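Each chain, written out:
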Amino acid sequence: MMIDYETKPLDASTWDDFATLVEDNNGVWGGCWCLWYHGKEGSDASLQEKRAMKEARVKAGEAHAALVYHDNKCVGWCQFGSPVELPRIHNARAYQKDDPKLPDWRITCFFSGKDHRGGGVASAALAGALEQIKALGGGRVEGYPEDIEGRKATPAFLFNGALHMFDRLGFERSRKIGKNKWVVTLDL
């Protein structure tokens, strides 16, 4: 059954929806509050401090995400931003090996609430992020998804998204930066 989702930008008006989803899921990824990609700041902070740090970034316009809604409730998201906003990525050493030209935008992280996994939330979030990026001027978009074709993958390891999802939206495979991890690009 295909569910019809709505997406909205993460901003001051949607902060409470985002915060509720994070809090309902134990701070997400063990208390990350979707801060890891922003840099090392706050890595030793408490959950309350991380919450405050993320909220400050959102309210200052320094954190971007496409929030996914179902029945007026936030059920997931896709985080995106410039490399300045999101300087950290997984497999950074392999990524930097080819001296890459930095993209205008990075797609770094996905999350679906525990009751909404496997229903297309991540795909809706990615499409919503691309719409927001277009509205913000477009440019080269880069993602770092995991190729799960022909193998079982634990959802906990798909925080960068699944490769097939990016393929469906027209991203091109650029190069591998891990056993199953790719750099993919799309010009908007």
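Above this text sits the structure in question.
As a starting point, this report considers the structure included with it.

Cut-offs used in this document
Residues numbered from 1 in each chain as written. Predicted model: local features only at pLDDT ≥ 70, side-chain atom pairs only at ≥ 80, totals over all residues. Heavy atoms only, no water. Phe/Tyr/Trp six-rings, centres within 6.5 Å; stacked < 30°, edge-to-face > 60°. Helix = DSSP H or I, 4+ residues; strand = E, 2+ residues; numbered from the N terminus. Buried < 20%, exposed > 50% of the residue type's maximum accessible area, 1.4 Å probe, protein only. Lys NZ or Arg CZ within 6 Å of the ring centre and 35° of its normal. Pairing = 2+ DSSP bridges. Axes fitted to C-alpha atoms, helices over the stretch in contact; angles between N-to-C directions. Contact = heavy atoms within 4.5 Å. Salt bridge = Lys/Arg side-chain N within 4 Å of Asp/Glu carboxyl O.

1. Brief notes about the packing of aromatic side chains
- Evaluation of the coordinates by the stated rule reveals 10 aromatic pairs.
- Seen in terms of ring centroids, Phe 18 and Trp 77 are 4.7 Å apart; in terms of plane orientation they differ by 55 degrees. Their pairing is tilted. Of this pair, Phe 18 sits in helix H1 (residues 15–24) while Trp 77 sits in strand S3 (residues 73–81), placing them 59 residues apart in sequence.
- Overall, Trp 77 belongs to the buried group, its relative accessible area being 1%.
- Between Phe 166 and Phe 171, the ring centres sit 4.9 Å apart and the planes meet at 75 degrees, which makes this aromatic pair edge-to-face.
- We classify Phe 166 as buried; its relative accessible area is 0%.
- Classification of Phe 171 by relative accessible area gives buried; the value is 5%.
- The structure contains a cluster of three or more aromatic residues connected by ring pairs, namely Trp 15, Phe 18, Trp 33, Trp 77 and Phe 111.
- Its guanidinium or amino end placed over the ring of Tyr 69, Lys 8 lies 4.4 Å from that ring's centre, counting from NZ or CZ.
- When the ring centre of Trp 182 is taken as reference, the NZ or CZ atom of Arg 173 above it lies at 5.5 Å.

2. Side note on the sheet that holds strand S7 (residues 182–187)
- Here we have seven strands laid out as an open sheet, ordered S1-S2-S3-S4-S5-S7-S6, and mixed in their pairing. Pairing within the sheet leaves two strands with one partner each, and these edge strands are strand S1 (6–9) and strand S6 (172–176). Pairs of neighbouring strands in the sheet enclose a mean axial angle of 30 degrees, with direction left out of account.
- Bridging between strand S5 (residues 140–143) and S7 involves four bridges; their strand directions are antiparallel. Paired with Gly 143 across the bridge in S7 is Val 184.
- Taken strand by strand, helix H4 (residues 121–135) contacts S1, strand S2 (64–70), S3, strand S4 (105–112), S5 and S7, and its axis lies near 150 degrees from that of S4.

3. What to know about the pattern of salt bridges
- Scanning all chains against the criterion turns up seven salt bridges.
- Between Arg 51 and Glu 23 there is a salt bridge; the shortest N-O distance is 2.7 Å. Of the two residues, Arg 51 is situated in helix H2 (residues 47–59) and Glu 23 in helix H1; the sequence distance between them amounts to 28 residues.
- The partly exposed category is assigned to Arg 51, whose relative accessible area is 23%.
- Assessed through its relative accessible area of 45%, Glu 23 is described here as partly exposed.
- Glu 146 is paired through a salt bridge with Arg 151; the nearest N and O atoms lie 2.8 Å apart.
- Taking relative accessible area as the criterion, Glu 146 reaches 15% and is therefore assigned buried.
- For Arg 151, a relative accessible area of 31% puts it in the partly exposed group.
- Taken together, the shared-partner salt bridges connect Glu 23, Arg 51, Glu 55 and Lys 59 into one network.

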